[in-house]
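A look at the structure
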Amino acid sequence: MAEQILHVTDASFEQDVLQSDRPVVLHFWAEWSGPCKTLVPVLEEVARDYGDRIQVAKVDVDQNPNTPAKFSVRGVPTLILFRNGVVAQMKVGALSKAQIRALIDSHV
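Residues numbered from 1 in each chain as written. Predicted model: local features only at pLDDT ≥ 70, side-chain atom pairs only at ≥ 80, totals over all residues. Heavy atoms only, no water.

A count of helical and extended segments in the protein gives four helices and five strands. Reading the helices (α) and strands (β) of the protein from amino to carboxyl end gives β-α-β-α-β-α-β-β-α. Expected size for 108 residues packed as a compact globule is a radius of gyration near 13 Å; at 12 Å, the protein falls within 12% of this value. Judged by the C-alpha coordinates and their principal axes, the protein covers about 30 × 30 × 25 Å. Residues classed as buried in the protein amount to 44% of the 108 residues present. (Helix = DSSP H or I, 4+ residues; strand = E, 2+ residues; numbered from the N terminus. Rg over C-alpha atoms; globule rule 2.2 N^0.38 Å. Buried < 20%, exposed > 50% of the residue type's maximum accessible area, 1.4 Å probe, protein only.)

Next comes the structure, spelled out in structure tokens:
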């Protein structure tokens, strides 16, 4: 993924996401998931489009099982928008760029 996308782990989740000073779009993904792979370029574009107004991040559910469990993530891809350290909205499935922008714009 592009440099604009932050790699989050179970260990860094609190600092990277919950303590972030800007909204965070967190992509729960897995290497084996085709829909996750199709979402990558879309999220890279979104990260570029919004710049410093948001943080786009990703967490590998296979390598970091605790974070998805905390938020009852049962399928990938799942996107959760965090604002001020709390879940503002959650979407499951491969979304279009327009759908992701709508998700962000309703909370930014």
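Now for helix 4 (residues 97-105). Buried within helix 4 are the following residues: Ile100, Leu103 and Ile104. Summarising the axial view, the buried residues of helix 4 lie within an arc of 95 degrees, below the 170-degree limit, and thus occupy one face. For helix 4, the elements touching its buried residues are strand 2 (24-29), helix 2 (34-50), strand 4 (78-83) and strand 5 (86-92). (Arc of directions from axis to C-beta. Contact = heavy atoms within 4.5 Å.)

Together, Val87, Met90 and Val92 line one region of the surface with nonpolar side chains, adding up to about 250 Å² of accessible area. Topologically, Val92 is positioned in strand 5. By relative accessible area, Val92 is classed as exposed at 58%. (Patch = residues over 30% accessible without salt bridge, like charges linked within 9 Å, V, L, I, M, F, W, Y side chains within 5 Å. Areas by Shrake-Rupley, 256 points an atom, 1.4 Å probe, with all protein chains shown as cover. Salt bridge = Lys/Arg side-chain N within 4 Å of Asp/Glu carboxyl O.)

Pairing is mixed in the open sheet, where five strands are placed in the order 1-3-2-4-5. Because the sheet does not close on itself, it has two edges, and the strands there are strand 1 (5-7) and strand 5. On average, adjacent strands in this sheet sit at an angle of 25 degrees to one another, irrespective of strand direction. In the sheet, strand 2 pairs with strand 3 (residues 55-60) via six bridges, with the strands oriented parallel. Bridging from a neighbouring strand, Val24 pairs with Gln55 of strand 3. Its contacts with the sheet place helix 2 against strand 1, strand 2, strand 3 and strand 4, and it is angled at close to 165 degrees to strand 2. (Pairing = 2+ DSSP bridges. Axes fitted to C-alpha atoms, helices over the stretch in contact; angles between N-to-C directions.)

The next subject is the nonpolar core. Core analysis: the biggest nonpolar cluster contains 16 residues, and Leu43, Val46, Ile54, Val56, Leu79, Ile100 and Ile104 have the highest contact counts within it. With six residues, the top contributor of residues to this core is helix 2. Leaving out residues up to four positions away in the same chain, Ile104 has contacts with Val25, Val46, Tyr50 and Ile54. By size, the runner-up hydrophobic cluster in this structure holds 13 residues, among which are Val8, Phe28, Ala30 and Ala57. (Core = buried A, V, L, I, M, F, W, Y, C linked by side-chain atoms within 4.5 Å.)

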